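Below, each chain spelled out in residue letters.
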Amino acid sequence: ENELRGKVVWVTGASSGIGEELAYQLSKIGALLAISARRVKKKCLQISNLSEKDILVLRLDLTDRSSHEAATNSVLKHFGKIDVLVNNGGRSQRSLFVDTNLDVYSAIMELNYLGTISLTKHVLNHMIQRKKGKIVTVSSVMGIMGAPLASGYCASKHALQGFFNSLRTELTDYPEISIINICPGPVQSKIIQNVFTENLAKSIENSGDQSHKMPTDRCVRLTLVSTANDLKEAWISDHPYLAVCYLWQYAPTWAWWLMNRMGKRRIQNFKSGVDADVSYSRKKK
């Protein structure tokens, strides 16, 4: 709370899910916010001591890279600074590669990867001038491992991991600029309702039960703890997904074997119309 109170925090993708909950918890702490949803601003004002001028509603399209400089300038004009950028905007995927149009992969990379690094570039210029700031990117455990039904999403998150780990090494002359990668596992957010499928015009028919996933408020709390303490990377997940992350990191041969087994179940879940990430330990009825 003491680290983030009074700081200007720009949260992308704050209209739902993790981004929306980030806005609520940050507002309670007393952070000043730049977000994209008036509905979220209204609730932030109701649950906090912030005033109208403490929350800027700023429409942002991550895929419109030509607008990112102007958007950054709008935040700077309103608050005079940006202390924390939270790159949270993005979309997941539920489709098999053999069924998926390549336009979907282009759209995933344009939104999740290129849109994110484009906005980061403009905000980082400001932070370099100030010689301080935090860039927090909500990646995913899919940025650490591979999984069926999410090949494009995994690719975009691997790209973000590689980019920000490389960027961190370019900023050694700016020790007060932190690059923080957050890797959540399955979370009870609305991301599953807006996933890419096998073609751009199709939406997922049934998002399934999400109750087995980590509550969004807990994921966000741990994200803010990681941000306040400048963790370079944080894996935020329940088991068995967290255990699989450790296998991918330290015993990849075992991880490949296990994912082949878990992957079959994941595809079966998806084809059966239930959530792909439904508990792997749950027995069939």
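The structure this text deals with has already been given above.
Since we're looking at a predicted model, the values are computed, not measured. (Residues numbered from 1 in each chain as written. Predicted model: local features only at pLDDT ≥ 70, side-chain atom pairs only at ≥ 80, totals over all residues. Heavy atoms only, no water.)

### Digging into the overall build of the chain
What counts here: Working definition: helices are DSSP H or I runs of at least four residues, strands are E runs of at least two. Numbering for both runs from the N terminus. Both definitions apply: the radius of gyration is a C-alpha atom measure, and the globule rule equals 2.2 Å times residues to the power 0.38. Note on classification: 1.4 Å probe, protein chains only; a residue is buried when its accessible area is under 20% of the maximum for its type, exposed when over 50%, partly exposed between these limits. Should any heavy atoms of two residues lie within 4.5 Å, those residues are considered in contact. In this tally Asp and Glu are treated as negative and Lys and Arg as positive; neither His nor the chain ends contributes. Every charge is mapped onto a representative atom, which is NZ of Lys, CZ of Arg, CG of Asp or CD of Glu.
Each helix and strand counted, the chain has eight helices and seven strands in total. Its C-alpha atoms give the chain a radius of gyration of 19 Å, near enough to 19 Å, the size a compact globule of 285 residues would have. By its C-alpha atoms, the chain is 55 × 40 × 35 Å across when sized along the principal axes. Looking at the chain as a whole, 53% of its 285 residues are labelled buried. Within the chain, contacts between residues at least 6 apart in sequence are counted, and of these 68% link residues at least 24 apart. Across the chain, the mean location of the 37 positive side-chain charges is 4 Å away from that of the 25 negative side-chain charges.

### A few points about helix α1 (residues 17-29)
Basically, it comes down to this: Multiplying one less than the number of residues by 1.5 Å gives the expected span of a helix.
In a regular helix each residue adds 1.5 Å, so 13 residues correspond to 18 Å; α1 covers 19 Å between its end C-alpha atoms and thus fits that length. Residues of α1 that are buried: G17, I18, G19, E20, E21, L22, A23, Y24, Q25, L26, S27 and I29. Buried residues belonging to α1 abut β1 (8-11), β2 (32-35), α2 (38-47), β4 (84-87), β6 (177-184) and α6 (216-228). Downstream of α1 by a residue or two, G30 has a phi angle that is positive, lying close to 105 degrees.

### Some points on the nonpolar core
Counted only if it meets this: What makes a nonpolar core is a set of buried Ala, Val, Leu, Ile, Met, Phe, Trp, Tyr and Cys residues whose side-chain atoms join them at distances within 4.5 Å.
Formed by 60 residues in total, the largest nonpolar core has its most connected members in W10 and L26. Broken down by element, this core gets its largest block of residues, nine residues, from helix α4 (residues 102-130). Residues contacting W10, with those up to four places away along its chain left out, are A34, L58, L60, A71, T72, V75, I82, V84, L85, V86, L119 and V123.

### Considering the pattern of salt bridges
Stated formally: A carboxyl oxygen of Asp or Glu within 4 Å of a side-chain nitrogen of Lys or Arg is what we treat as a salt bridge.
Counting across every chain of the model gives 11 salt bridges. Within this structure, E3, K7, K134 and D230 form a network of salt bridges that share partners.

### Considering the side chain of H68
In plain terms, the rule: Polar contacts here mean pairs of N or O atoms no more than 3.5 Å apart (in protein, one a potential hydrogen donor and the other a potential acceptor; neighbouring residues in sequence count only if both atoms are side-chain atoms).
Relative to the elements of secondary structure, H68 occurs in helix α3 (residues 68-79). We classify H68 as buried; its relative accessible area is 0%. Only 3.3 Å separates the side chain of H68 from the backbone oxygen of L62, close enough to count as a polar contact. Those residues within four positions of H68 in sequence are excluded, and the remaining contacts are L60, D61, L62, G115, S118, L119 and H122.

### Details of unusual backbone geometry
In the segment running from H239 into P240, the intervening peptide bond is cis, with an omega of 10 degrees. The topology assignment puts P240 in the loop between β7 (233-236) and α7 (241-250). Positive phi is not limited to glycine here, since K131 has a value of about 65 degrees. Examined against the element boundaries, K131 turns out to sit in the loop between α4 and β5 (133-138).

### Observations regarding the sheet that holds β1
Note on sheets: strands pair through backbone hydrogen bonds, and any given pair is parallel or antiparallel. Filter applied, for reference: Any two strands between which DSSP finds at least two bridges are classified as paired. Every axis in this analysis is a line fitted to C-alpha atoms, fitted for helices over the stretch in contact. Angles between the N-to-C directions lie between 0 and 180 degrees.
Pairing within the open sheet is parallel, and its seven strands lie in the order β3-β2-β1-β4-β5-β6-β7. Each of the sheet's edge strands pairs with one partner strand only, and the pair in question is β3 (55-57) and β7. When strand polarity is set aside, the average angle formed by the axes of neighbouring strands in this sheet is 15 degrees. Where β1 lies against β2, three bridges are found, and the strand directions are parallel. Note that in β2 the partner of V8 across the bridge is L32.

### Looking at the packing of α1 against α6
Threshold: Should an angle lie under 35 degrees it is considered roughly parallel, over 145 roughly antiparallel, and from 65 to 115 roughly perpendicular; all remaining angles are considered oblique. We call a crossing left-handed when the near helix sits turned anticlockwise from the far one by less than a right angle, and right-handed when that turn is clockwise. Ten residues, namely Ala, Val, Leu, Ile, Met, Phe, Trp, Tyr, Cys and Pro, are considered nonpolar, four, namely Asp, Glu, Lys and Arg, are considered charged, and the remaining ones, Gly among them, are considered polar.
Across the interface, α1 lies against α6 with an axial gap of 9 Å and an inter-helix angle of 60 degrees. Judged on the interaxial angle alone, α6 and α1 are oblique. By crossing handedness, the relation of α1 to α6 is classed as right-handed. Residues G17, I18, E21, L22, Q25, L26 and I29 of α1 form the contact with α6, whose participating residues are T216, D217, C219, V220, R221, T223 and L224. Classifying every residue of the contact of α1 with α6 gives seven nonpolar, four polar and three charged.

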